[in-house]
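Geometric and topological summary
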Amino acid sequence: MALFKKRTAGKPGEWYYCLRHQTVEEGPQCRAADRFGPYATPEEASHAMTTAQERNLEWETDPKWHDKQGDTPSDN
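As the structure is a prediction and not an experimental result, all values here were calculated from the model.

1. Some points on the nonpolar core
Trp15, Tyr17, Tyr39, Ala45 and Ala48 form the largest nonpolar core, which has five residues in total. When near neighbours in sequence (up to four residues on either side) are disregarded, Tyr17 contacts Gln22, Thr23, Val24, Asp34, Arg35, Phe36, Ala45, Ala48 and Met49.

2. Details of the packing of aromatic side chains
One pass over the full model with this rule turns up zero aromatic pairs. The ring centre of Tyr16 lies 4.8 Å from the NZ or CZ of Arg35, which sits over that ring.

3. A closer look at the sheet that holds strand E3 (residues 35-39)
An order of E2-E1-E3 is seen for the three strands of this open sheet, with the pairing classed as antiparallel. Each having just a single partner strand, strand E2 (23-26) and E3 make up the two edges of the open sheet. Averaged over neighbouring strand pairs, the angle between their axes works out to 25° when direction is ignored.

4. Considerations on the pairing of E2
Sheet analysis places strand E1 (residues 15-18) next to E2, joined by four bridges and oriented antiparallel. Directly across from Trp15, in E2, lies its bridge partner Glu26. Where E1 folds back on E2, the antiparallel hairpin that results is connected by four residues, among which Gln22 adopts a positive phi of roughly 55°.

5. Thoughts on the environment of Val24
Topologically, Val24 is positioned in strand E2. The exposure class assigned to Val24 is partly exposed, which follows from its relative accessible area of 31%. Taking the C-alpha atoms as reference points, Val24 and His47, separated by 23 residues in sequence, lie 9.5 Å from one another. Those residues in contact with Val24 that lie beyond four places of it in its chain are Trp15, Tyr16, Tyr17, Pro42, Ala45 and Ser46.

6. Looking at the side chain of Asp34
Of note, Asp34 is situated in the loop between E2 and E3. Contact partners of Asp34, with chain neighbours within four places excluded, come to Tyr17, Cys18, Leu19 and Arg20.

Basis of the calculations
Residues numbered from 1 in each chain as written. Predicted model: local features only at pLDDT ≥ 70, side-chain atom pairs only at ≥ 80, totals over all residues. Heavy atoms only, no water. Core = buried A, V, L, I, M, F, W, Y, C linked by side-chain atoms within 4.5 Å. Buried < 20%, exposed > 50% of the residue type's maximum accessible area, 1.4 Å probe, protein only. Contact = heavy atoms within 4.5 Å. Phe/Tyr/Trp six-rings, centres within 6.5 Å; stacked < 30°, edge-to-face > 60°. Lys NZ or Arg CZ within 6 Å of the ring centre and 35° of its normal. Pairing = 2+ DSSP bridges. Helix = DSSP H or I, 4+ residues; strand = E, 2+ residues; numbered from the N terminus. Axes fitted to C-alpha atoms, helices over the stretch in contact; angles between N-to-C directions.

Next up, the structure:
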């Protein structure tokens, strides 16, 4: 018996952006490692790369995540 079943059809209204094909797909058509989502609308899914870039920039410039060089994590 398989522990994980491949979902061949998504829920209605689930949209994904496929990184491999660079297309918007309804439901999970490609493997999870190759897609972003789910998104509520095809419009949101079509902007997945822009959203990811914006989030990456926010995280990279977040002062909470930039430790001083030489600091080690402490148990607080």
